[in-house]
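These are the residues of each chain, in order.
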Amino acid sequence: RKGGGWFKVIVNGQEAHAGADPEKGINAVVELAHQIVKINKLNQNNTGTSAQVTVVTGGDKVNIIPNRAQASVDVRILKIEEKKRIEDFFHTLGDTPFLTGSKISVQGHIDRPPMEPGDATNTLWDLIRSTGEQMGLPMESISTGGCSDGNYTSAAGTPTIDGMGIVGANSHRSDEYADLDSIDNMVWLVSRVCAAIA
């Protein structure tokens with residue numbers, strides 16, 4: 001699994017009448033839009049890093065220049081070396097506002113280290129794979145961008161294999177589903193692996 005965390009970017013500007021005195025305002029939504037473009041450039045397929053702006057709010061009334069806006073950003077990293085680069089980026093974001101007078105502050109950090117398997121984890125995987133094959137189950141090790149508590153156990157040096165629950169797809173979508181036929185197989189697989197370890 002990738003490591004990950006979140007950041008909240010908060011912009012403060014200056015309210016003003018959008019029709020009568022727009023030049024007296026500092027539009028926090030416009031400032032945030034420019035910062036979102038910068039954030040989007042963090043997405044790099046070659047490093048496995050993603051930065052997705054997921055929730056954006058700003059403004060109160062249609063005739064008022066908004067004095068506050070904020071965005072939530074979900075970040076995932078494949079390698080632990082990316083943690084410093086990403087955190088440095090966000091913590092210096094406020095140094096270069098687009099609109100004169102706007103103020104940018106950032107909260108958050110990367111709190112889950114990526115799962116980078118070592119020899120002990122690979123040995124555990126070999127046991128799981130061979131046990132599954134004995135049961136007639138096709139076994140494949142894959143990488144995913146989703147985080148879990150396994151990120152913490154893996155970082156602590158505990159051999160960790162994640163994602164051995166019910167088989168399904170389309171996470172967090174309206175058509176997400178679980179394959180109920182997989183329940184028995186996964187229960188038997190986990191119990192047989194535990195028995196082999198014991």
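Residues numbered from 1 in each chain as written. Predicted model: local features only at pLDDT ≥ 70, side-chain atom pairs only at ≥ 80, totals over all residues. Heavy atoms only, no water.

Caption draft 1: Just the pairing of strand β5 (residues 68–77), in detail. In the sheet, strand β1 (residues 3–12) pairs with β5 via ten bridges, with the strands oriented antiparallel. Across the sheet, F7 pairs through a bridge with V73, a residue of β5. In the sheet, strand β3 (residues 50–58) pairs with β5 via eight bridges, with the strands oriented antiparallel. In the sheet register, Q52 faces β5, and the bridge partner there is D74. (Pairing = 2+ DSSP bridges. Helix = DSSP H or I, 4+ residues; strand = E, 2+ residues; numbered from the N terminus.)

Caption draft 2: Looking closely at the packing of aromatic side chains. In the structure shown here, the tally under the stated rule is two aromatic pairs. Aromatic side chains F7 and F90 sit 4.1 Å apart centroid to centroid with 5° between the ring planes, which places their arrangement in the stacked category. A residue pair is termed long-range when its members are at least 10 positions apart, and F7 in strand β1 and F90 in helix α2 (residues 82–91) qualify at 83 residues. Taken individually, F7 and F90 each receive the classification buried, so the pair is uniform in this respect. Ring plane angle 90° and centroid distance 5.2 Å describe the contact between F89 and F90, whose orientation is recorded as edge-to-face. Taken together through their ring pairs, the aromatic side chains of F7, F89 and F90 make up a single cluster. (Phe/Tyr/Trp six-rings, centres within 6.5 Å; stacked < 30°, edge-to-face > 60°. Buried < 20%, exposed > 50% of the residue type's maximum accessible area, 1.4 Å probe, protein only.)

Caption draft 3: Highlighting the sheet that holds β5. Strand order in the open sheet formed by four strands is β3-β5-β1-β6, and the pairing between neighbours is antiparallel. Here the strands that pair on one side only, and so sit at the sheet edges, are β3 and β6 (103–112). Here the average twist between neighbouring strands, direction ignored, is 15°. The sheet strands contacting helix α1 (residues 28–40) are β1, β3, β5 and β6, and the helix crosses β5 at an angle near 10°. (Axes fitted to C-alpha atoms, helices over the stretch in contact; angles between N-to-C directions. Contact = heavy atoms within 4.5 Å.)

Caption draft 4: Up close: the side chain of N151. Among the secondary structure elements, N151 is positioned in helix α4 (residues 150–155). Looking at N151, its side chain comes within polar contact range of the main-chain oxygen of K2, at 2.9 Å. Beyond its immediate sequence surroundings of up to four residues, N151 is in contact with R1, K2, G3, R112, P113, P114 and M115. (Polar contact = N/O pair within 3.5 Å; in protein donor to acceptor, adjacent residues only side chain to side chain.)

Caption draft 5: A look at the pattern of salt bridges. Considering all chains together, one arrives at eleven salt bridges under this definition. One salt bridge in this structure joins K24 and D21, with 3.9 Å as the shortest N-O distance. In this structure K24 comes out as exposed when scored by relative accessible area, which is 56%. Given a relative accessible area of 27%, D21 falls into the partly exposed group. One salt bridge in this structure joins D175 and R173, with 2.7 Å as the shortest N-O distance. Of the residues examined, R173 reaches a relative accessible area of 49% and is grouped as partly exposed. Ionic contacts of the salt-bridge type, sharing partners, join the residues D126, R129 and E133 into one network. (Salt bridge = Lys/Arg side-chain N within 4 Å of Asp/Glu carboxyl O.)

Caption draft 6: Quick peek at the packing of helix α3 (residues 119–134) against helix α5 (residues 182–197). Where α3 contacts α5, the two axes come as close as 10 Å, and the packing angle between them is 125°. Classified by the angle between their axes, α3 and α5 sit oblique to one another. The two elements α3 and α5 cross, and the hand of that crossing is right-handed. In this structure, α3 uses L124, L127, I128, T131 and G132 to contact α5, whose residues at the interface are L189, R192, V193, A196 and I197. Residues that form the contact of α3 with α5 fall into these classes: seven nonpolar, two polar and one charged. (Parallel < 35°, antiparallel > 145°, perpendicular 65-115°, else oblique. Left-handed = near helix turned anticlockwise from the far one by under 90°. Nonpolar A, V, L, I, M, F, W, Y, C, P; charged D, E, K, R; others polar.)

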